[in-house]
Amino acid sequence: MQIIETVNAMREWTIAHSDRPRAAVYTMGALHDGHLELVRQAKHYVSAHTGEHPYVVASIFVNPTQFNNPEDLERYPRTIEHDLEMLSSIGVDAVFVPSVEQMYPDGVANVIAVEPGPLGDVLEGEGRPGHFRGVLTVVNKLFNITTPNYAMFGEKDFQQLTLIARMASELNMSIDVVGVPTVRDDDGLAMSSRNRRLDESGRAIASRIPAALMMVKNCVAEGIGVEESLNRAKHYLSESPEIAIHYLVVTGNELQSAPQHGAARVLVATEINGIRLIDNMAIEIKGA
Ligand code: PAF
C-alpha cells in the first residue's frame, strides 16, 4: 500500500493507475470495521458492475472545516499507525494522508466552498452550522485530487451521503456515489468512532437507540401511524434519563417530508453522557 502525503504525488499516482476503475473511501481515521466494510464493498460493487477489480484509494484527513467546535476538532481521536495497518491488511492500494496545509494552502478561512443549500441546515446541520459546507467542500477537493470513478459512503451518516450524492449529481460529476449499509455490533449499535468514548453503562444505554429505530420500523410496517410510532419510540428512549433526544423523525429517502406509504427513513440523534450518537434505518410505511 502506497502512503501519499501531497496533492501532486496523489495526482501522479492516479495517472499511473488509470488502467482499471478507481474506487475511493474517504475517512477521518479512527478506523473500525464500518470503514473496512466500505473497502470490501468498493471491491465487490465495482467488480460486480464492471467485471474489473478496482484500485482502492483511501484517505485519512481530519477536516477542520467541518468542525464548528474547535474542542471537538482537538478531541477527535487520531490513531494513524493503527489505521494504516488496517487499510493495508484489507488490501487498499493507496492512502492519501495530507496535511491541513496541503488541503487548504490559502488557509481554512479563505476556502472557496460548496454550499449544501437548505438540506444542509436541517437535522445534523441545525445543531452544527457550517458542518455540511465543510464536508462537501473537502469531499469535492478529494474527488478532484483522487479522481475516482466510484466513491463509497456509509449509510450511517445518511444526511451526509444524501448531500454528497446530490452534489455529485448537481455539479455534474461523473462519479458513482455508492451508499453502504451500516455495520452494527452484536447489541445493534451502529459502529462509530465515537462509541469508544462510551463507558460500559453508556454502551448498555446506547443499545436503546437501534432498538427504538426497530420499534418505529415494526410499528409503521404494521400500519400504525408515523406520529404514534415515533411517540412510542420516544417514550421508550426516555425511560433512560441519560438519553437526551435531539431529534427522532421519519423522512422520505431523499430527506423530504415523510411519504404516506412506501419506502422511507427513520433518523435519530441523541446525546448520552455528553456523547452525540446518530443512527437511521430504512423503513416501509404500510399506510392507512
Ligand atoms: O464521514 C467522514 O468521515 C467525513 O465526513 C468525510 C466524508 C471523510 C469528510 O471529511
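Placed above this text is the structure.
Here's what I pulled together on the structure shown here. Counting of residues starts from 1 at the beginning of each chain's written sequence and follows it residue by residue. Residue-level local features of this predicted model are given only where pLDDT is at least 70; pairs of side-chain atoms are given and counted only at 80 or more, and the full residue set underlies all totals for whole chains, interfaces and linings. Only heavy atoms go into the side-chain values, all of them from the structure, while hydrogens and water stay out.

## Comments concerning the site of the ligand
Here's step 1: Around the ligand lies a shell formed by Tyr-26, Thr-27, Met-28, Asn-63, Gln-66, Val-138 and Gln-160.
Here's step 2: Pairing of N or O atoms within 3.5 Å defines a polar contact, subject to two protein rules: one partner must be a possible hydrogen donor and the other a possible acceptor, and residues neighboring in sequence count only if both atoms are side-chain atoms. Here an oxygen atom of the ligand and a side-chain polar atom of Gln-66 are 2.6 Å apart.
Here's step 3: Contact with the protein chains covers 88% of the free accessible surface of the ligand, which is 290 Å².
Here's step 4: Its residues assigned to classes, the shell around the ligand shows three nonpolar, four polar and no charged. One heavy atom within 4 Å of a molecule or strand is enough for the residue carrying it to be called near that molecule or strand. Here, Shrake-Rupley sampling with a 1.4 Å probe gives the accessible areas, and only protein chains in the shown set may cover a residue. Three residue categories are used. Nonpolar comprises Ala, Val, Leu, Ile, Met, Phe, Trp, Tyr, Cys and Pro, charged comprises Asp, Glu, Lys and Arg, and polar comprises the others, including Gly.

## Focus on helix 4 (residues 80-89)
Here's step 1: Inspection of helix 4 places Asp-83, Leu-84, Met-86 and Leu-87 among the buried residues, and these make up the whole buried set. When helix 4 is viewed along its axis, its buried side chains cluster within an angular range of 160° and face the same direction. Every exposed residue of helix 4 that faces more than 90 degrees away from the buried side is listed here: Glu-81, Glu-85 and Ser-89.
Here's step 2: Among the structural elements, strand 1 (2-4), helix 2 (33-50), strand 3 (55-60) and strand 4 (94-96) are those in contact with the buried residues of helix 4.
Here's step 3: Put simply, DSSP marks the helices as runs of H or I at least four residues long and the strands as runs of E at least two long, and each gets a number from the N terminus on. Among the residues trailing helix 4, Gly-91 stands out with phi positive, at a value near 90°. Only protein chains enter the accessibility calculation, which uses a 1.4 Å probe; a residue whose area is less than 20% of its type maximum is buried, one above 50% is exposed, and one in between is partly exposed. The directions from the helix axis to the C-beta atoms form the arc being described. We call two residues contacting when some pair of their heavy atoms lies within 4.5 Å.

## Some remarks on the nonpolar core
Here's step 1: Residues Phe-96, Met-103, Val-139, Phe-143, Phe-153 and Ile-164 are the most contacted members of the largest nonpolar core, which totals 40 residues.
Here's step 2: Where this core is concerned, the elements lending two or more residues are helix 1 (7-16), strand 2 (22-27), strand 3, strand 4, helix 7 (131-146), strand 5 (150-154), helix 8 (158-170) and strand 8 (262-272).
Here's step 3: Per element, the largest residue contribution to this core is eight residues, and it comes from helix 7.
Here's step 4: Other than its neighbours up to four places away in sequence, Met-103 contacts Phe-61, Phe-96, Pro-98, Val-138, Lys-141, Leu-142 and Ile-145.
Here's step 5: Residues grouped as a nonpolar core are buried Ala, Val, Leu, Ile, Met, Phe, Trp, Tyr and Cys residues, joined through side-chain atoms within 4.5 Å. Listed in part, the 25 residues of the second largest apolar core include Ala-206, Leu-248, Ala-264 and Val-266.

## Notes on the pairing of strand 3
Here's step 1: With six of six residues buried, strand 3 is to be regarded as a mostly interior element.
Here's step 2: Burial along strand 3 is two-sided: Tyr-55, Val-57 and Ser-59 and Val-56, Ala-58 and Ile-60, pointing in opposite directions, are all buried.
Here's step 3: Note on pairing: DSSP must find at least two bridges between two strands before they are called paired. Taken together, the six bridges between strand 2 and strand 3 define a ladder with parallel strand orientation. Counterpart to Thr-27 in the pairing with strand 3 is Ile-60.
Here's step 4: Here, the term right-handed applies to a crossover whose path from the first strand over the helix to the second runs clockwise when the strands point away from the viewer. Between strand 2 and its parallel partner strand 3, the chain crosses via helix 2, and the hand of that crossover is right-handed.
Here's step 5: As paired elements, strand 3 and strand 4 share three bridges and run parallel to each other. Note on strand 4: the bridge partner recorded for Ser-59 is Phe-96.

## Details of the packing of aromatic side chains
Here's step 1: In this analysis, rings of Phe, Tyr and Trp, with Trp reduced to its six-membered ring, are considered paired at centre separations within 6.5 Å, and the interplanar angle assigns stacked below 30 degrees, edge-to-face beyond 60, and tilted for intermediate values. Under the criterion given, the structure shown has seven aromatic pairs.
Here's step 2: Considering the side-chain rings of Phe-67 and Tyr-76, the 5.7 Å spacing of their centres and the 80° angle between planes classify their relative orientation as edge-to-face. As far as the burial class goes, Phe-67 and Tyr-76 line up, both buried.
Here's step 3: Aromatic rings pair up to connect Tyr-26, Phe-143 and Phe-153 into one cluster.
Here's step 4: To sit over a ring, a charge needs its Lys NZ or Arg CZ within 6 Å of the ring centre and within 35 degrees of the ring normal. Lying across the ring of Tyr-55, Arg-20 places its NZ or CZ 4.0 Å from the centre.
Here's step 5: Sitting over the face of the ring of Tyr-236, Arg-208 holds its NZ or CZ atom 4.5 Å from the ring centroid.

## Examining helix 8
Since one α-helical turn is 3.6 residues long, residues separated by three or four positions face the same way.
Here's step 1: Between its terminal C-alpha atoms helix 8 stretches 18 Å, which fits the 18 Å expected from 13 residues at 1.5 Å a residue.
Here's step 2: The complete set of buried residues in helix 8 reads Phe-158, Gln-159, Gln-160, Leu-161, Thr-162, Leu-163, Ile-164, Met-167 and Ala-168.
Here's step 3: Along its buried surface, helix 8 packs onto helix 6 (124-127), helix 7, strand 5, strand 6 (176-180), strand 8 and strand 9 (275-285).
Here's step 4: A positive backbone phi angle near 55° is found at Asn-172, which sits one or two residues after helix 8. One fewer than the residue count of a helix, multiplied by 1.5 Å, yields its expected span.

## Topic: the environment of Gln-260
Here's step 1: For Gln-260, the position within the fold is in the loop between strand 7 (243-251) and strand 8.
Here's step 2: The exposure class of Gln-260 is exposed, given its relative accessible area of 68%.
Here's step 3: Through-space distance from the C-alpha of Gln-260 to that of Val-226 is 8.8 Å; in sequence the pair is 34 residues apart.
Here's step 4: Those residues in contact with Gln-260, other than ones at most four positions away along the chain, are Ile-285 and Gly-287.

## Observations regarding the packing of helix 10 (residues 208-222) against helix 11 (residues 226-238)
Here's step 1: Interhelical geometry of helix 10 versus helix 11 gives an angle of 155° and a closest axis separation of 9 Å. One element, helix 10, and the other, helix 11, form an angle in the roughly antiparallel class. Like other packed secondary-structure pairs, helix 10 and helix 11 cross with a definite hand, here right-handed. Between helix 10 and helix 11, the residues in contact are Arg-208, Ile-209, Ala-211, Ala-212, Met-215, Val-216, Cys-219 and Val-220 and Val-226, Ser-229, Leu-230, Arg-232, Ala-233, Tyr-236 and Leu-237, respectively. Lines are fitted to the C-alpha atoms to define the axes, a helix being fitted only along its stretch in contact, and any angle between axes, read from their N-to-C directions, falls within 0 to 180 degrees. Throughout this description, any angle smaller than 35 degrees is read as roughly parallel, any larger than 145 degrees as roughly antiparallel, any in the 65 to 115 degree range as roughly perpendicular, and the remainder as oblique. Crossing handedness is defined as follows: a turn of the near helix away from the far one that is anticlockwise and smaller than a right angle gives a left-handed crossing, while the clockwise case is right-handed.

## Section: the sheet that holds strand 7
Here's step 1: In spatial order, the strands read 7-8-9; together these three strands make up an open sheet with antiparallel pairing. Only two strands of the sheet have a single neighbouring strand rather than two, namely strand 7 and strand 9. Strand-to-strand, the axes of this sheet are offset by a mean angle of 15°, without reference to chain direction.
Here's step 2: Where strand 7 lies against strand 8, eight bridges are found, and the strand directions are antiparallel. Paired with Val-249 across the strands is Leu-267, a residue of strand 8.
Here's step 3: Contacting strand 7, strand 8 and strand 9, helix 10 runs over the sheet at an angle of about 20° to strand 9.

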